[in-house]
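# Geometric and topological summary
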Number of protein chains: 2
Amino acid sequence: MESTAPKTPDLTSAERPRTTAHGDRTRRQILRRAVDIASAQGLEGLTIGSLAKELGMSKSGLFAHFGSKEELQLAVVDEAAVIFAENVVEPAFEAPEGVARLYALMDHWVGYVDESVFPGGCFWSKVESEFSARSGVVRDKIVELTSEYIKAMQADVENAKRRGELRDDADAAQLTFEFGAYVQGCNLASQLHGDRAAFGRARLGIRRRIEDAATDKGKKALAAYIKG
Amino acid sequence: MESTAPKTPDLTSAERPRTTAHGDRTRRQILRRAVDIASAQGLEGLTIGSLAKELGMSKSGLFAHFGSKEELQLAVVDEAAVIFAENVVEPAFEAPEGVARLYALMDHWVGYVDESVFPGGCFWSKVESEFSARSGVVRDKIVELTSEYIKAMQADVENAKRRGELRDDADAAQLTFEFGAYVQGCNLASQLHGDRAAFGRARLGIRRRIEDAATDKGKKALAAYIKG
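Description of the structure in this document. (Residues numbered from 1 in each chain as written. Chains lettered and ligands numbered in written order. Predicted model: local features only at pLDDT ≥ 70, side-chain atom pairs only at ≥ 80, totals over all residues. Heavy atoms only, no water.)

### Notes on the interface of chain A and chain B
As a reminder of what qualifies: Residue contacts are defined here by distance: any two heavy atoms, one from each residue, within 4.5 Å place the two residues in contact. Joining two parts hides part of their accessible area as seen by a 1.4 Å probe, and the buried area is that hidden amount summed over both. A carboxyl oxygen of Asp or Glu within 4 Å of a side-chain nitrogen of Lys or Arg is what we treat as a salt bridge. Residues adjacent in sequence count toward polar contacts only when both atoms are side-chain atoms; beyond that, a polar contact is any pair of N or O atoms within 3.5 Å, and within protein one must be able to donate a hydrogen and the other to accept it.
Contact with chain A, which involves 39 residues of that partner, is made by 39 residues of chain B. Carbon and sulfur atoms make up 57% of the surface buried where chain A meets chain B, a total of about 3100 Å² over both sides. In terms of surface lost to chain B, no three residues of chain A exceed Phe-177, Leu-192 and Arg-201 of chain A, which account for 21% of the buried area on that side. For the pair chain A and chain B, the interface holds two salt bridges. The residue Glu-178 of chain B makes a salt bridge to Arg-209 of chain A at a minimum N-O spacing of 3.0 Å. Our count for the contact surface shared by chain A and chain B stands at 19 residue pairs in polar contact (both at pLDDT 80 or more).

What follows is the structure in structure tokens.
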């Protein structure tokens, strides 16, 4: 999965107008708050003016970090990718390669929605829906990053096949479609209908789909990991 | 399912300021266009001013139909429910009761997303995400109507159980969670990633989940309906 894991955005890009470690910390703090706001309200409502008001900062202070609304939106999306990597992709690497790592990736993914890493629900679900019918660089960035997440799932499926833990005829595209749908489904059920049982349903669906596609070796490896 | 099917909103409500058949037709035409716009851009961007501009009407002309932005939003949600009933709920009643009708409901549901009844993707996916972290009467209406759709799926599952087509231990909540997730999943995959194969994956997932939970009688009834 190493090669397909989401890239950690280069937050030290020289293009950005800051020069000190302090400025870097401030920038990250601003972005974390902006990701929280966008997870609830979407990115389009996030202007430099509204964010400055929310943070009790001057608009000119924010302009020193982000030159435009679009630059702010792109930086927020990059920051959300860092949060996703920290909460989902990296912890999954602690599981043994194969079906265990595939399950771990999805389990952490559901957990990251469940634990409300973002107060308004999953940042990605919100902005994917918000930008689904738009065009432009912000949409392009969202498509690029979420495509990486789909590839990360597919890479784990292929790895599990190579290890003889999933059957050769297991359909990676079908499995990853269903996994992605369960993650979206539990976010919406929880946020809109207050249905917290949906997280358990998403995990059960993921486990069953892996079991359905697994060899005996894979079933044993999955059971050992979940019992673990 | 009769009792749990989405209610057709009362478009002749006396509270609304119109008195003629011509006015009623005009109102419906305005609302159809507004549903299209909201399916792409969301409801919050839909103001009386922006809609008037889009339709080439005067703002005062629109105010005669809708007294406020909120009244317009509620009317748009009601109109989207009429479209959903016409395209999904009512056609499913043509299938025989049991697993066939359950599959038909979901098949029409995927079809209604696939055929782009709404140019910007599924209206409900868009507004569910948009209002997931909001409060107020528009959100309440969206929750009420989408809850009816979940109940419609659950009623079909229970009907299929009573007819001995699904096993007694089939988990209606799990099944309907997964069905709802597949529908959301294919809308997003298509809209954001241009992945039209997702519609087939959603249908395959729905069919397999029904088959997994079906009795022999149910499997035969489902195969006969799909072969149809």
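### Details of the relation of the copies chain A and chain B
Put simply, the rule reads: In superposing the copies, a least-squares fit is computed on C-alpha atoms, taking residues whose pLDDT is at least 70 in both.
The two copies are related by a screw operation: chain A maps onto chain B through 180° of rotation and 0.0 Å of translation along the axis, at an RMSD of 0.0 Å. Such a combination of turn and shift is consistent with a two-fold rotation axis. Residue Ala-181 of chain A of chain A places its C-alpha closer to the rotation axis than any other residue of that unit, at 2.4 Å. The fraction of interface residues of chain A whose copies in chain B are also interface residues reaches 100%, indicating that both copies meet through the same surface.

### Considering the pattern of salt bridges
All names here are of chain A. Put simply, the rule reads: Counting from the N terminus, the helices are the DSSP runs of H or I reaching at least four residues and the strands are the DSSP runs of E reaching at least two. Throughout this description, buried means an accessible area under 20% of the type-specific maximum (1.4 Å probe, protein chains only), exposed means over 50%, and partly exposed covers the range between.
By the definition in use, this model includes 36 salt bridges over all chains. Close ionic contact of Arg-203 with Asp-114 constitutes a salt bridge, the shortest N to O distance being 3.9 Å. You can see Arg-203 sitting in helix H9 (residues 197–213) and its partner Asp-114 sitting in helix H5 (residues 99–114), a full 89 residues away along the chain. Take Arg-203: its relative accessible area is 23%, and that puts it in the partly exposed class. For Asp-114, a relative accessible area of 19% translates into the label buried.

### A few points about the side chain of Glu-128 of chain B
Our working rule: Counted as positive: Lys and Arg. Counted as negative: Asp and Glu, with His and the chain ends omitted from the count.
Residue position: Glu-128 of chain B is located in helix H6 (residues 123–130). Within the buried set, Glu-128 of chain B has no salt-bridge partner at all; the shortest N-O distance to an opposite charge, 10 Å, is to Arg-139 of chain B. Ignoring sequence-local partners within four residues, the contact set of Glu-128 of chain B consists of Leu-188 and Leu-192 of chain A together with Ile-142 and Thr-146 of chain B.

### Points about helix H9 (residues 197–213) of chain B
For the record, the criterion: Helices are assigned an expected span. That span is 1.5 Å times one less than the residue count. Throughout, the arc means that of the directions going from the helix axis to the C-beta atoms.
For H9 of chain B, spanning 17 residues, the distance from its first C-alpha to its last is 25 Å, which sits close to the expected 24 Å at 1.5 Å a residue. Burial in H9 of chain B covers these residues: Ala-198, Phe-199, Arg-201, Ala-202, Gly-205, Ile-206, Arg-209, Ile-210 and Ala-213 of chain B. Axial view of H9 of chain B: buried residues confined to an arc of 165°, hence all on one face. Where H9 of chain B is buried, its residues meet helix H8 (172–193) and H9 of chain A together with helix H5 (99–114), helix H8 (172–193) and helix H10 (216–227) of chain B.

### Here's the deal with the nonpolar core
Which entries qualify depends on this criterion: Residues enter a nonpolar core if they are buried and are Ala, Val, Leu, Ile, Met, Phe, Trp, Tyr or Cys, with the set joined through side-chain atoms within 4.5 Å.
Ranked by size, the top nonpolar core spans 140 residues in total, and within it Trp-124 of chain A together with Trp-124 of chain B carry the most contacts. For Trp-124 of chain B, the residues in contact, after removing those within four places along its chain, are Val-77, Ala-80, Ala-81, Phe-84, Tyr-112, Leu-145, Thr-146 and Tyr-149 of chain B.

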